Number of protein chains: 2
Amino acid sequence: MPTPSREVHLVRRPEGALQPGDFALITTDVADPGEGEVLVRNLVMSVDPALRPRMSVGQELGEAVMGGVLGRIEMSRNAAFKEGDLVNSRFGFREAFVSDGKGLAPLKPEPDLPLEAYMNALGGPGFTAYGGLLAIGQLKDGEQVFVSTAAGAVGAIASQIAKIKGCYVVGSTGSDDKVRWLLDEAGLDAAFNYKNGPVRSQLRPLTPKGIDVYFDNVGGEHLDAALSSMNTLGRVPVCGMISGYNEAGSRTSVRNLSNIIYGRITLRGFTAADFMDLRGRFQSDMAGWLREGRIKTSETIYRGIDQAAAAMIDLMKGVNLGKMLVRLAE
Amino acid sequence: MPTPSREVHLVRRPEGALQPGDFALITTDVADPGEGEVLVRNLVMSVDPALRPRMSVGQELGEAVMGGVLGRIEMSRNAAFKEGDLVNSRFGFREAFVSDGKGLAPLKPEPDLPLEAYMNALGGPGFTAYGGLLAIGQLKDGEQVFVSTAAGAVGAIASQIAKIKGCYVVGSTGSDDKVRWLLDEAGLDAAFNYKNGPVRSQLRPLTPKGIDVYFDNVGGEHLDAALSSMNTLGRVPVCGMISGYNEAGSRTSVRNLSNIIYGRITLRGFTAADFMDLRGRFQSDMAGWLREGRIKTSETIYRGIDQAAAAMIDLMKGVNLGKMLVRLAE
C-alpha cells in the first residue's frame, strides 16, 4: 500500500532573500519497497545555510530540496537494514522515501545522548567545527580566536572547542539575547551584536592581542574586519560566507584581502571531505565533551514538513539560536 | 672627505596614482666611515611594486625610500668587508651610504652570470617566484597554471618555472607586445592582454581544464576571474595585489571569494620569510636553468638616481617589461 509523503520542492530560483513562493509543499505517494529496497520515515531534518547557494545553482527545480536528515527504516526488503534502524541521508525535505540503500548511512546512537545531538554537536555541524578549527585552522592551544555567527550551529561548537583548547575567544552574533547566551552559557571571553555597529569598530577593542584564527561563517564585512586584525601567519578557515548567500552568485564583497600578503595569512575554504580521517577522534572527543557538559548546544526546532520552508527562510534571517531543525515524526 | 650622495625622499603620502611631486631628489654629504664602518656605493637599484603600499603606511616621510639595492664597498674600516666587495641591502634610492655592516648581505656572484641576474632571476623576484609556486602553491608537475602580470619580474619567472615543471601555463599582461614576449620568448601556452577585455571572458576559453594554481600578483578582477575557474583543491599563492596598491589602504575589491568553499581552495599570502629553507636549492636550480637558457629574463633599466622616482611611477603604470631596475653606477 503506497505511503503518502509530503515534500518541499524548490519551484523557482530565489532572487535575493528567500520567499515562501520559492517553495511548494507537494503530496506524493511513495510505493512500497521492492526487493532490495527499504522505506525510510524521516524523523529530524537539518536546515543548513549551505543549502542556500545550491538553491541558486545545483538544486533541481520541481524536486524535493536535498538536505541532511535522520530517518528510521519502516519497512525493509534489504538484508543490510532492519525495521527500526536509524539512517542518515541527504533525502531531507520529505516525510518518507524508498531507497535501495545507496546514500543511507546507518547510525547507532549512544543511549545516554539525545538523538538531536546527532544532528548537531555529534553530526555535521560538530564535525565541521572540529575539523575546520583543528585541521584547516591548525589551532594551537592558547591562541586568539574570532568566530562569526558564533551562536549558530557550527559557530557555537567552534567557539567552545576553542575554549576547551585554552584559547581567548570572541564571537559575533545577530542579537543581544544571543550575545548573552555566548557569554553566560557558552563561556566565551567576549561577544558582540554585529547589528549594533560596524563589525570592525566593535571587534577591534575586543581583540587586543589580534587574531590568530578567524573561523569564518560570514564573509563580507566580518572578513574585512578580521583581516584588519589578523596576526602574522594567521589562518582563516572559511566554512561559509552567509552574508552573500542571498545575493546572485553568492557574492560577498571583500576589500581588505591584500592584508594577507605581509601578514602571510592563509584563507582556506573547506568541507568535511578535507578531514574524514579525523572522524573517529572527533566522535570520541565530542561524546566526551558533551557528557562532561563542556560543550553546550542549542537547537531551534520547528515541527512538521509544512514548516520546513519557513525554517529555511528564518535561518537565513538569523531567527534561530543554534542548530535549526525540523522534527517530522517521533 | 665627505662623499656627496643624492637620495630620493618620499615627501608626502601618495593619493591614488604616484605623482612626481610625491618625491624629492635631495643632495646630502655622506661622512667618511668611522671605525667599524664601511662606505657603500650603490650600483643597481630594484624598483618593486611592494614599495607602493609602504609609501602609504610604513615608509617615513622626508627620508630616502627604503628598497633593495646592490652596492660595492668603496671604503672599509670593518674587517668583515673589503673594498670592492659586493653587498645587498635595503638602502636603495640613494647613491652612497655609510653602514656599520648591519643589513649588508655579501654577494659572491658566479663569474659567468650577469650582475643584473642577482637583482632578477637569482635575486628577490626569482626566489619569490620559486618559493611562491613550489612551497606556497605546492605546484605539481603537469598542473594547470595561471599567472597574472606574467611579463613582470616575478610573474615572468613563475611562468617559466611552471613550464619547466611540465605545466600548462596561461599568463595575463598589459600590452600586446608583452603578450608576444610571453608566447615567443617565455614559451607560455597562452597569454592575453587584460586591457583588451574583461579578464574573465578572456581567461575562460584559455583554461579549458580549469586552474590548479593561480599565482596572484594583482588581486581584484584577476582574482575574481581566477576564482571562477579554479579546480577543486586549487591553490592561490598571493604574492601581490598591485590592482589595489594605488588605492587608499591598498584595497582591492573581490566578489567571488565564496567560491573557495565548495572548491576547497587555499589562498595564502606570503613573503620570502616563509621558505628561507629553500634558499640553497633555489640558487642551484636557478643558476642551472639560466645557464641552460630555460629561464629567459628581461630588465627595464633606467639610468641615474634622478630617474628613480620616474622608474617607480612607470612601474606602477606597467611601462616595464620584466624587472624594473635603476643603474646608479658601473
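Reading guide: rules and limits
Residues numbered from 1 in each chain as written. Chains lettered and ligands numbered in written order. Predicted model: local features only at pLDDT ≥ 70, side-chain atom pairs only at ≥ 80, totals over all residues. Helix = DSSP H or I, 4+ residues; strand = E, 2+ residues; numbered from the N terminus. Rg over C-alpha atoms; globule rule 2.2 N^0.38 Å. Buried ≥ 20, exposed ≤ 12 C-beta atoms within 10 Å, placed from the backbone. Contact = placed C-beta atoms within 7 Å. Nonpolar A, V, L, I, M, F, W, Y, C, P; charged D, E, K, R; others polar. Pairing = 2+ DSSP bridges. Least-squares fit on C-alpha atoms with pLDDT ≥ 70 in both. Domains from an automatic or database assignment. Arc of directions from axis to C-beta. Axes fitted to C-alpha atoms, helices over the stretch in contact; angles between N-to-C directions. Parallel < 35°, antiparallel > 145°, perpendicular 65-115°, else oblique. Left-handed = near helix turned anticlockwise from the far one by under 90°. Expected span 1.5 Å × (residues − 1).

Structural notes on the overall build of chain A
Right, on to step 1. A tally of regular secondary structure across chain A gives nine helices and 16 strands.
Right, on to step 2. What you see for chain A is a C-alpha radius of gyration of 20 Å, in line with the 20 Å of a compact globule of 330 residues.
Right, on to step 3. Seen along its three principal axes, the alpha-carbon backbone of chain A occupies a region of about 65 × 45 × 35 Å.
Right, on to step 4. Within chain A, the proportion of its 330 residues that are buried is 51%.
Right, on to step 5. Considering only intrachain contacts with a sequence separation of at least 6, the fraction spanning at least 24 residues in chain A is 65%.

Points about the interface of chain B and chain A
A common measure of how large an interface is: the accessible area buried when the components associate.
Right, on to step 1. Across the contact, 27 residues belong to chain B and 27 residues belong to chain A.
Right, on to step 2. Of all the secondary structure elements, the ones that give two or more residues to the side of chain B that touches chain A are helix H7 (259–262) and strand E14 (266–269) of chain B.
Right, on to step 3. It is E14 of chain B that contributes the most residues to the side of chain B that touches chain A, four residues altogether.
Right, on to step 4. Considering only residue class, the side of chain B that touches chain A consists of ten nonpolar, twelve polar and five charged.
Right, on to step 5. Taken together, the three bridges between strand E14 (residues 266–269) of chain A and E14 of chain B define a ladder with antiparallel strand orientation. In the strand pairing of E14 of chain B, Leu267 of chain A is matched with Leu267 of chain B.

Observations regarding the relation of the copies chain B and chain A
Right, on to step 1. Of the two same-sequence chains, chain B is brought onto chain A (RMSD 0.0 Å, axial shift 0.0 Å) by a rotation of 180 degrees. Such a turn and shift between the copies fits a two-fold axis.
Right, on to step 2. Comparing interface residues between copies, 100% of those in chain B also lie at the interface in chain A; the contact surface is shared.

Details of the environment of Met45 of chain B
Residue and element names in this part refer to chain B.
Right, on to step 1. Take Met45: it is sitting in strand E3 (residues 38–47).
Right, on to step 2. The class of Met45 is buried, set by 30 C-beta atoms lying within 10 Å.
Right, on to step 3. Once the C-alpha coordinates of Met45 and Val11 are considered, the two residues, 34 residues apart in sequence, prove to be 20 Å apart.

Here we look at the domain arrangement of chain A
Residue and element names in this part refer to chain A.
Right, on to step 1. Here chain A is partitioned into domain 1 (3–120 + 297–327) and domain 2 (124–276 + 283–289).
Right, on to step 2. Each of domain 1 and domain 2 has a C-alpha centre, and the two are 28 Å apart.
Right, on to step 3. Sorting elements by how many residues they give to the side of domain 1 that touches domain 2 places helix H1 (residues 51–56) first, with three residues.
Right, on to step 4. Residues of the side of domain 1 that touches domain 2, tallied by class, amount to seven nonpolar, eight polar and three charged.

Thoughts on the sheet that holds strand E2 (residues 23–30) of chain B
Residue and element names in this part refer to chain B.
Right, on to step 1. Here three strands make up an open sheet; going across it, the order is E2-E1-E4 and the pairing antiparallel. Edge positions in the sheet fall to E2 and strand E4 (63–64), since each of these pairs with one other strand and no more.
Right, on to step 2. Pairing analysis gives two bridges linking strand E1 (residues 3–10) to E4, with the strands arranged antiparallel. By the bridge assignment for E4, Leu10 is matched with Glu63.

Here's the deal with unusual backbone geometry
Residues and elements named next belong to chain B.
Right, on to step 1. Backbone geometry places Phe93, a non-glycine residue, at a positive phi of 55 degrees.
Right, on to step 2. Here Phe93 shows up in the loop between strand E6 (86–89) and strand E7 (96–99).
Right, on to step 3. On the basis of neighbour counts, which here come to 29 C-beta atoms within 10 Å, the residue Phe93 falls in the buried class.
Right, on to step 4. Positive phi is not limited to glycine here, since Leu233 has a value of about 65 degrees.

Some remarks on the environment of Glu185 of chain B
All names here are of chain B.
Right, on to step 1. Inspection of the secondary structure puts Glu185 in the loop between helix H4 (176–184) and strand E11 (190–193).
Right, on to step 2. Glu185 gets classed as partly exposed once you count the C-beta atoms within 10 Å, which come to 15.
Right, on to step 3. Note: C-alpha distance between Glu185 and Lys296 (111 residues apart in sequence) is 7.0 Å.

Considerations on helix H4 (residues 176–184) of chain A
Residue and element names in this part refer to chain A.
Right, on to step 1. Buried within H4 we find Lys178, Val179, Trp181 and Leu182. Each buried residue of H4 sits inside an arc of 160 degrees when the element is viewed along its axis, so together they form one side. Every exposed residue of H4 that faces more than 90 degrees away from the buried side is listed here: Asp177 and Asp184.
Right, on to step 2. Where H4 is buried, its residues contact helix H3 (153–164), strand E10 (168–173) and strand E11 (190–193).

A few points about the packing of helix H2 (residues 124–136) of chain A against H3 of chain A
Residues and elements named next belong to chain A.
Right, on to step 1. Contact pair H2 / H3: the axes reach a minimum separation of 8 Å and the direction vectors enclose 45 degrees. In terms of their interaxial angle, H2 and H3 are classed as oblique. Like other packed secondary-structure pairs, H2 and H3 cross with a definite hand, here right-handed. On H3, the residues touching Pro125, Gly126, Thr128, Ala129, Tyr130, Gly132 and Leu133 of H2 are Ala153, Val154, Ile157, Ala158, Ile161 and Ala162.

Quick look at the sheet that holds E11 of chain A
Right, on to step 1. Read from one edge to the other, the open sheet built from twelve strands follows the order E11(A)-E10(A)-E9(A)-E12(A)-E13(A)-E14(A)-E14(B)-E13(B)-E12(B)-E9(B)-E10(B)-E11(B), with strand pairing classed as mixed. Two strands lie at the open edges of the sheet, namely E11 of chain A together with E11 of chain B, each paired on one side alone. Each strand axis lies, on average, 15 degrees off the axis of its neighbour in the sheet, ignoring direction.
Right, on to step 2. Both strand E12 (residues 211–215) of chain A and strand E13 (residues 230–238) of chain A contribute to a ladder of two bridges, which runs parallel. Residue pairing in the sheet places Ile211 of chain A in a bridge with Met230 of chain A of E13 of chain A.
Right, on to step 3. Along the sheet, H4 of chain B contacts strand E10 (168–173) and E11 of chain B; its crossing angle with E11 of chain B, the most-contacted strand, is approximately 170 degrees.

Structural notes on the pairing of strand E3 (residues 38–47) of chain A
Residue and element names in this part refer to chain A.
Right, on to step 1. When you tally the buried positions in E3, you get eight out of ten residues, the bulk of the element.
Right, on to step 2. Pairing analysis gives seven bridges linking E3 to strand E5 (residues 69–76), with the strands arranged antiparallel. When the bridges of E5 are listed, Arg41 appears paired with Arg72.
Right, on to step 3. Bridge count for E3 against strand E7 (residues 96–99) is four bridges, and the pairing is antiparallel. When the sheet's bridge partners are listed, Val38 is paired in E7 with Ser99.
Right, on to step 4. Summarising the sheet, E3 and strand E16 (residues 323–327) pair through four bridges and their orientation is antiparallel. Within the sheet, the bridge partner assigned to Met45 lies in E16 and is Val326.

A closer look at helix H8 (residues 279–291) of chain A
Three- or four-residue spacings in an α-helix give side chains the same orientation, since the helix completes a turn every 3.6 residues.
Residue and element names in this part refer to chain A.
Right, on to step 1. Between the first and last C-alpha of H8 there are 18 Å, a value that for 13 residues agrees with the 18 Å anticipated at 1.5 Å per step.
Right, on to step 2. Of all the residues in H8, the buried ones are Phe282, Met286 and Leu290. Each buried residue of H8 sits inside an arc of 50 degrees when the element is viewed along its axis, so together they form one side. Structural note: H8 exposes Gly280, Ser284, Gly288 and Arg291 on the side pointing more than 90 degrees away from its buried face.
Right, on to step 3. As for H8, its buried residues are in contact with H2.
Right, on to step 4. Gly293 lies just past H8 and shows a positive phi near 70 degrees.

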